[in-house]
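# Residue-level structural notes
This is what each chain is made of:
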Amino acid sequence: MLDKTNDKVDKKQVRNSPSDEELISRFQEGDIYAFEKIVQRYKDPLINFVYHFLGDRIDAEDVIQETFLRVFKKKHLYRKVAKFSTWIYTIASNLAKTELRRRRRRRILSLSQMGYESKDYDVPDIFSSPERVVDSDMKEKEIRKEIEDLPIKFREVVVLRDIQEFSYEEISTILNIPLGTVKSRVNRGRLRLQKNLRHLLDK
Amino acid sequence: MSPCQWFRECIFDLFDGELDIARRKELERHMKECPHCASFLNQIRILKSHLRNLMPIKTSDNFQILLREKIRREVAGKRTSAVPSFYITRRWVHAFGIALIVITVGFWVLDHHQPIFRSQENAFQAIHSSSSFESRFDGNIQYVVGDFTDRISISRENKKRSTETPNEDSLLLQKNLEEIKARLTPVSF
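The notes below deal with the structure included here. (Residues numbered from 1 in each chain as written. Chains lettered and ligands numbered in written order. Predicted model: local features only at pLDDT ≥ 70, side-chain atom pairs only at ≥ 80, totals over all residues. Heavy atoms only, no water.)

## Some points on the interface of chain A and chain B
Here is the rule we go by: Contact between two residues is taken to exist if any of their heavy atoms lie within 4.5 Å; hydrogens are not considered. A 1.4 Å probe defines the accessible area here, and the buried area is the portion of it lost by two parts on being joined, summed over both. The working definition used for a salt bridge is a side-chain nitrogen of Lys or Arg within 4 Å of a carboxyl oxygen of Asp or Glu. Any N or O atom pair separated by 3.5 Å or less is treated as a polar contact, with the protein-specific requirement of one donor-capable and one acceptor-capable atom, and with residues adjacent in sequence counted only for side-chain atom pairs. Helix and strand definitions here come from DSSP, where helices need a minimum of 4 consecutive H or I residues and strands a minimum of 2 consecutive E residues; each element is numbered from the N-terminal end.
Across the boundary between the two partners, chain A contributes 41 residues, which contact 29 residues of chain B. The junction of chain A with chain B conceals about 3500 Å² of combined surface from both sides, 60% of it contributed by carbon and sulfur atoms. When residues of chain A are sorted by the area they lose upon contact with chain B, Q65, R190 and L201 of chain A head the list and together hold 18% of the total. Here chain A and chain B share 5 salt bridges between them. The residue R68 of chain B makes a salt bridge to E36 of chain A at a minimum N-O spacing of 3.0 Å. Inspection of the chain A/chain B interface yields 12 residue pairs in polar contact (both at pLDDT 80 or more). Of all the elements in the fold, those that place two or more residues in the side of chain A that touches chain B are α3 (32–54), α4 (57–73), α6 (136–149), α7 (152–163), α9 (179–196) and α10 (198–201) of chain A.

Here it is in structure tokens:
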């Protein structure tokens, strides 16, 4: 009974709370409180999305901060024709990709700067321990690692579809790729994950 | 296409709810017959559930404080941006002025030195051709010039003439020029 009343309250709150589009439109008119609401609503979903791109929480947070800063600065560029969620995810996705490119460049630079003597370097592999699949925490880490190891084109669609639960149409808008490509990439990404995580999925 | 291949292609449509009843029944029938495909379906189902239930990552507690600070700095930067933009404008004015001077000097040098080089070349040719009075035909029109006045001095005199009122000297110069023109005789074609 209590649960039912709570549900009712939640539904009422959802019904009463302004939509993203209403919030951004209020923010465009100068209401800073609306921007605060947007930040509260999107900070966690966005960090979950960006984290899977970068695999680092601090970097992901930086990207999200930059995303909100862009929204703040470029609020006038948002048009009501698109959903606000797709717009903000597009910004976050582009910034995450830029960060990835910057990292790749930095990595190439650091490897090229490495001298002949320093060629023996170890890349720590925390997932090679024998007891890795026992702990559920480790299992989650392994799944996350497999997601991170996916090529970026599969990773972004799998994260958006299976973790963030966006529709194919929304993903197509966010990433600016055709619907058919989104579907095929999601399926190929899932197949890769299934292949690499078979030992976890059989249990 | 083998039934297993077909099954694997349709399986994601099944999850996305995009499979019609007929195909769905066919899939179920195949699943009962093929343990590999049944296991595959089960693995995909578990994978999807794992992905959906991954522990959500939360932003740090000071996330909004840091963001506010960034925005505050951004707004403050915009307010104070009037001074740097003034400096930028001043810098552009300086750059434009320097560029203008360089271009003017460049044009002046071109205007005053090219004729010298050309005239020296012409004079050199003229001296050689006039001294020997023998010129070989090389496909260009060649002229034999007796006494060739320096071209730069002619151009200078021309300029002077354009600004001054005609006097005796300028008339004399004009006469000299006409004489020079008359002395240019084509020798071969």
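Now that the structure has been shown, we can carry on.
## Considerations on a nonpolar patch on the surface
Defined as follows: Here, patches come from residues exposed beyond 30% relative accessible area and free of salt bridges, joined within 9 Å for like charges and within 5 Å for nonpolar side chains (Val, Leu, Ile, Met, Phe, Trp, Tyr). Per-residue and other accessible areas were derived by the Shrake-Rupley procedure at a 1.4 Å probe size, with only the shown protein chains allowed to occlude residues.
A cluster of nonpolar side chains, contributed by I101, V105, W108 and V109 of chain B, occupies part of the molecular surface with about 390 Å² of accessible area. Turning to its location among the elements, V105 of chain B is positioned in helix α5 (residues 82–132).

## Quick look at the nonpolar core
Stated formally: We define a nonpolar core as any set of buried Ala, Val, Leu, Ile, Met, Phe, Trp, Tyr and Cys residues linked to one another through side-chain atoms lying within 4.5 Å. For every residue, the accessible area obtained with a 1.4 Å probe (protein chains only) is divided by the maximum for its type, and the residue is called buried under 20%, exposed over 50%, and partly exposed between those limits.
Counting residues in each nonpolar core, the largest one holds 59 residues, and the members touching the most others are F35, V50, F68, F84 and Y89 of chain A together with L51 of chain B. Once residues within four sequence positions are removed from consideration, V50 of chain A is found in contact with A60, V63, I64, A92 and A96 of chain A. By size, the runner-up hydrophobic cluster in this structure holds 11 residues, among which are F7, L19, C34 and F40 of chain B.

## Some thoughts on the packing of aromatic side chains
Residues and elements named next belong to chain A. Spelled out, the test is: Two rings from Phe, Tyr or Trp (for Trp, the six-membered ring) form a pair when their centres sit within 6.5 Å of each other. Planes less than 30 degrees apart are called stacked, planes more than 60 degrees apart edge-to-face, and all others tilted.
All chains considered together, the criterion is met by 11 aromatic pairs over all chains. When the centroid spacing of 5.4 Å and the interplanar angle of 70 degrees are considered together, the rings of F35 and F72 count as edge-to-face. One end of the pair, F35, is in helix α3; the other, F72, is in helix α4, and 37 residues separate them in sequence. Residues F35 and F72 agree in their burial class; the two are buried.

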